[in-house]
Amino acid sequence: MDIMLFHSTYGLRTAVGAAADRLRAAGHEVWTPDLFEGRTFESVEEAMAFKSDLGMEELLKRAITAAAPLSERGLVYAGFSLGAAVAQNLALGDEKARGLLLLHGTSDIADNASVDGLPVQLHVADPDPFEPHDWLTAWYLRMGRAGADVEVYRYPGAGHLYTDPELPDHDEKAADETWRVGLAFLETL
């Protein structure tokens, strides 16, 4: 499987490389574009300020530029938090997308979004301050109306970016389960 994996608002950090290596070890080809052009952050406040200054439109432009040469392959889009939002936007706009693996995040869905049974799997902390229950319920319903085949996995007590071992949010048990389920999902595509 060809996977385009987008980093979180912290930037292209070690944890993203480790995730890509885990996916490669499972037999996948993985790309990890650096949407922040080398910038990484230690605090969420710093990271969010940089993202805000850069703007979502610019981030999506950079992501599209990275993915476009490979989209003919039928990519699986994946990402962490902000990267999940980016991945979702690209997958919903790419008729050749084979799947969408969202870790810790979602995005708005355009009213006219339409996919034909796109397999989508979301892994999210429960509760998650960035993905509240009401938002996730509405997101799930809208994805279904758009034609996606959605699975949601919630991890009670985990922090927002619980798969990143370098952050205080890390939850080893939840991370291991996420990767076990996520890798099995990718095998079905």
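Just so you know, these numbers come straight off a predicted model, no measurement behind them.

With that settled, the discussion passes to the nonpolar core. Among the nonpolar cores identified, the biggest contains 37 residues, and F6, Y77, L100, V120 and M143 are the most heavily contacted of them. Elements represented by at least two residues in this core include exactly β1 (2–6), α2 (44–54), α3 (56–67), α4 (82–93), β4 (99–103), β5 (119–126) and α5 (133–146). Among the elements that line this core, the one with the most residues is α4, at seven residues. Apart from residues no more than four positions distant in its own chain, M143 is found in contact with Q88, L92, L100, I109, V120, A148 and V150. Counting 18 residues, the second largest nonpolar core, distinct from the first, contains Y10, L23, V30 and L103.

Moving on, we come to the sheet that holds β5. What the six strands build is an open sheet, ordered β2-β1-β3-β4-β5-β6; its pairing is parallel. Here the strands that pair on one side only, and so sit at the sheet edges, are β2 (29–31) and β6 (149–156). Between one strand axis and the next, the sheet turns through 15° on average, direction left out of account. Pairing between strand β3 (residues 76–80) and β4: five bridges, direction parallel. Its bridge partner being in β4, G79 is matched across the sheet by L102. Of the strands in this sheet, β1, β3 and β4 are in contact with α4, which crosses β3 at around 160°.

On any regular strand, side chains alternate: one points to one face of the sheet, the next to the other face. By the bridge criterion, eight bridges tie β5 to β6 in an arrangement that is parallel. Considered in β6, the bridge of L122 is made with V152. Remark: the β5/α5/β6 crossover connection has right-handed handedness.

On the surface, Y140, L141 and V152 cluster together to form a nonpolar patch covering roughly 250 Å² of accessible area. Here L141 shows up in helix α5.

A separate point is α4. A turn of α-helix holds 3.6 residues, and therefore any two residues three or four places apart point the same way. Spanning 12 residues, α4 covers 17 Å between terminal C-alpha atoms, matching the ideal 16 Å at 1.5 Å per step. Most of α4 is tucked away, with 10 of its 12 residues classed as buried. Those residues of α4 not exposed but buried are L82, G83, A84, A85, V86, A87, Q88, L90, A91 and L92. Lining the buried residues of α4 we find β1, α2, α3, β3, β4 and α5.

Structurally, R62 can be placed in helix α3. In this structure R62 comes out as buried when scored by relative accessible area, which is 18%. For R62, the side chain forms a polar contact with the side chain of E58, separated by 2.9 Å.

What counts as what
- Residues numbered from 1 in each chain as written.
- Predicted model: local features only at pLDDT ≥ 70, side-chain atom pairs only at ≥ 80, totals over all residues.
- Heavy atoms only, no water.
- Core = buried A, V, L, I, M, F, W, Y, C linked by side-chain atoms within 4.5 Å.
- Buried < 20%, exposed > 50% of the residue type's maximum accessible area, 1.4 Å probe, protein only.
- Helix = DSSP H or I, 4+ residues; strand = E, 2+ residues; numbered from the N terminus.
- Contact = heavy atoms within 4.5 Å.
- Pairing = 2+ DSSP bridges.
- Axes fitted to C-alpha atoms, helices over the stretch in contact; angles between N-to-C directions.
- Right-handed = clockwise from strand over helix to strand, strands pointing away.
- Patch = residues over 30% accessible without salt bridge, like charges linked within 9 Å, V, L, I, M, F, W, Y side chains within 5 Å.
- Areas by Shrake-Rupley, 256 points an atom, 1.4 Å probe, with all protein chains shown as cover.
- Salt bridge = Lys/Arg side-chain N within 4 Å of Asp/Glu carboxyl O.
- Expected span 1.5 Å × (residues − 1).
- Polar contact = N/O pair within 3.5 Å; in protein donor to acceptor, adjacent residues only side chain to side chain.

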